[in-house]
Amino acid sequence: MKNTRPSFWRRLLPANFRDPVGLARRILRSRDRAAYFAMASTAIAAMLTPLDVVLAATSVRSHLRAAITLARLREPGSARERSA
């Protein structure tokens, strides 16, 4: 089975991206604020990707835990039904 998730670099860079050093040089020479912002936001996204992976895993775990708890509460003979 093929992994359909895009690679780390494909999520950050466009598909037609060929010369990263040349592009960075042109952006820095342009002195365009929007280009600086795009470059900075891509760098920040690259640095925060490991944190995003960890937080996504804990989020999935907490959602699964909540679903299991909810399923147990809905079972016949659960503590909630006995107290009612």
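Residues numbered from 1 in each chain as written. Predicted model: local features only at pLDDT ≥ 70, side-chain atom pairs only at ≥ 80, totals over all residues. Heavy atoms only, no water.

Focus on the overall build of the protein
Here is the rule: Where helices and strands are cited, they refer to DSSP runs of H or I of at least four residues and of E of at least two residues respectively, numbered from the N terminus. Working definition: with a 1.4 Å probe on protein chains only, accessible area under 20% of the residue-type maximum means buried, over 50% means exposed, and in between means partly exposed. Computed by Shrake-Rupley with a 1.4 Å probe, the accessible areas treat only the displayed protein chains as cover when residues are assessed.
Helix and strand content of the protein: 4 helices and 0 strands. Along the chain direction, N to C, the helices and strands of the protein fall in the order α-α-α-α. Here the protein holds 84 residues, and the buried ones make up 8% of them. For the protein, the exposed area adds up to about 7700 Å²; of that, 63% sits on carbon and sulfur atoms.

Brief notes about unusual backbone geometry
Across residues other than glycine, the phi torsion is negative in most instances, and most of the peptide bonds are trans. Of note in the backbone geometry, Arg31 takes a positive phi value of approximately 55° without being a glycine. Take Arg31: it is sitting in the loop between helix H2 (20-30) and helix H3 (33-74). Residue classification places Arg31 among the exposed residues on the basis of a relative accessible area of 71%.

A word on a nonpolar patch on the surface
Quick note on the threshold: What makes a patch is a set of residues exposed beyond 30% relative accessible area and free of salt bridges, joined within 9 Å when like-charged and within 5 Å when nonpolar (Val, Leu, Ile, Met, Phe, Trp, Tyr). A pair is scored as a salt bridge if a Lys or Arg side-chain nitrogen falls within 4 Å of a carboxyl oxygen belonging to Asp or Glu.
The grouping of Ile44, Met47, Leu48, Leu51 and Leu55 at the surface amounts to a nonpolar patch, some 510 Å² of accessible area in total. As for its position among the elements, Leu51 is in helix H3.

Considerations on the side chain of Thr49
Here is the rule we go by: Pairs of N or O atoms are called polar contacts if they sit within 3.5 Å, as long as, within protein, a hydrogen donor faces a hydrogen acceptor (for residues adjacent in sequence, only side-chain-to-side-chain pairs).
Locating Thr49 in the fold gives a position in helix H3. Using a relative accessible area of 15% as the deciding quantity, one classes Thr49 as buried. A distance of 2.7 Å separates the side chain of Thr49 from the backbone oxygen of Ala45, its partner in a polar contact.

As for the packing of H2 against H3
To be explicit about the condition: Only C-alpha atoms enter the line fits that serve as axes; for helices the fit covers just the stretch in contact. Angles between N-to-C directions range over 0 to 180 degrees. Throughout, the term roughly parallel applies to angles under 35 degrees, roughly antiparallel to angles over 145, roughly perpendicular to angles from 65 to 115, and oblique to all others. Crossings are classed by handedness, with left-handed meaning an anticlockwise turn of the near helix from the far one by less than a right angle and right-handed meaning a clockwise turn. Every residue pair with non-hydrogen atoms within 4.5 Å of one another is taken to be in contact. Classes in brief: Ala, Val, Leu, Ile, Met, Phe, Trp, Tyr, Cys and Pro nonpolar; Asp, Glu, Lys and Arg charged; the others, Gly included, polar.
Contact geometry for H2 and H3: axes closest at 8 Å, N-to-C directions at 140°. Classified by the interaxial angle, the pair formed by H2 and H3 is oblique. The way H2 lies across H3 gives a crossing that is left-handed. Between H2, through Ala24, Ile27, Leu28 and Ser30, and H3, the contact on the second element is made entirely by Ala35, Tyr36 and Met39. Class assignment of the residues belonging to the contact of H2 with H3 gives a composition of 6 nonpolar, 1 polar and no charged.

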